[in-house]
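Letter by letter, the chains look like this.
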Amino acid sequence: MDLKHDGQLGLAIAIKTAQIQRTTLRSITEDHVRACLLGYTWFDHKPKTLNEAVNDILNLNVNEVIAYLSNQAMILGGQIDMEDLDELVEKELS
């Protein structure tokens, strides 16, 4: 099963994203949900059927998405050069 490009999975991800935005956190995007699924939920265990994949998507909760994104931010933050970080902060503040 193609987990990145399947249209039915895209629809389920869009629905889950809309649910999270409506009930919890407006700033979550489909890309955030997709990244969490691929990097966390399905990292060690890729679903074998469309039904299994959709169940994983619909059972995903906002805490898992936030935890995954926070972890990725810490990893990327540890890799960035301090000068690049200063430039990024200055850009964001201006």
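Refer to the preceding data block for the structure.
The residue numbers shown here count from 1 along each chain, following its written sequence. Where local features are concerned, this predicted model is filtered to residues with pLDDT of at least 70; where side-chain atom pairs are given and counted, the filter is 80 or more; whole-chain, interface and lining totals use all residues. Excluded from the side-chain calculation are hydrogens and water; included are all heavy atoms of the structure.

What about the environment of Thr 41?
Logical step 1: A run of H or I in DSSP becomes a helix once it reaches four residues, and a run of E becomes a strand once it reaches two; helices and strands are each numbered from the N terminus. Mapped onto the secondary structure, Thr 41 falls in helix α2 (residues 30-41).
Logical step 2: Relative accessibility thresholds used throughout: buried, under 20% of the residue-type maximum; exposed, over 50%; partly exposed, between the two (1.4 Å probe, protein chains only). Judged by its relative accessible area of 23%, Thr 41 is partly exposed.
Logical step 3: Any two residues having at least one pair of non-hydrogen atoms within 4.5 Å are treated as being in contact. Sequence-distant contacts of Thr 41, defined by excluding residues within four places in its chain, comprise Cys 36, Asp 56 and Leu 60.

Focus on the packing of α2 against helix α4 (residues 62-79)
Logical step 1: Between N-to-C directions, angles span 0 to 180 degrees; the directions come from axes that are lines fitted to C-alpha atoms, helices contributing only their stretch in contact. Where α2 meets α4, the closest approach of the two axes is 9 Å, and the angle between their N-to-C directions is 80 degrees. Judged by the inter-axis angle, α2 sits roughly perpendicular to α4. In this structure, α2 contributes His 32, Ala 35, Cys 36, Gly 39 and Tyr 40 to the contact, and α4 contributes Glu 64, Val 65, Tyr 68 and Leu 69.
Logical step 2: A breakdown of the residues in the contact of α2 with α4 according to their chemical character gives 6 nonpolar, 2 polar and 1 charged. Roughly parallel covers angles under 35 degrees, roughly antiparallel covers those over 145, roughly perpendicular covers 65 to 115, and oblique covers all other angles. Following the grouping adopted for this structure description, the nonpolar residues are Ala, Val, Leu, Ile, Met, Phe, Trp, Tyr, Cys and Pro, the charged ones are Asp, Glu, Lys and Arg, and the polar ones are all others, Gly among them.

Some remarks on the environment of Val 62
Logical step 1: Among the secondary structure elements, Val 62 is positioned in helix α4.
Logical step 2: A residue is classified by how much of its surface remains accessible, and Val 62, at 15% relative accessible area, is buried.
Logical step 3: Other than its neighbours up to four places away in sequence, Val 62 contacts Ile 20, Thr 24 and Leu 25.

Here we look at the pattern of salt bridges
Logical step 1: One speaks of a salt bridge when a side-chain nitrogen belonging to Lys or Arg is within 4 Å of a carboxyl oxygen belonging to Asp or Glu. With the rule as written, the count across this model stands at 1 salt bridge.
Logical step 2: Residue Asp 31 is joined to Arg 34 by a salt bridge in which the shortest nitrogen-to-oxygen separation is 3.6 Å. Here Asp 31 and its partner Arg 34 are both found in helix α2, 3 residues apart, which amounts to about one turn of the helix.

Describing a negative patch on the surface
Logical step 1: Taken together, the side chains of Asp 81, Glu 83, Asp 84, Asp 86, Glu 87 and Glu 90 make up a negatively charged region of the molecular surface.
Logical step 2: Along the chain, the position of Asp 81 falls in the loop between α4 and α5 (82-93).
Logical step 3: Judged by relative accessible area, which is 43%, Asp 81 ranks as partly exposed. Only residues whose relative accessible area exceeds 30% and that take part in no salt bridge are eligible for patches, with like-charged residues grouped when within 9 Å of each other and nonpolar side chains (Val, Leu, Ile, Met, Phe, Trp, Tyr) grouped when within 5 Å. Note on areas: Shrake-Rupley, 1.4 Å probe, and residue coverage restricted to the protein chains presented here. Neither His nor the chain ends is counted toward charge; the positive residues are Lys and Arg and the negative residues Asp and Glu. Charge positions come from single atoms, namely NZ of Lys, CZ of Arg, CG of Asp or CD of Glu.

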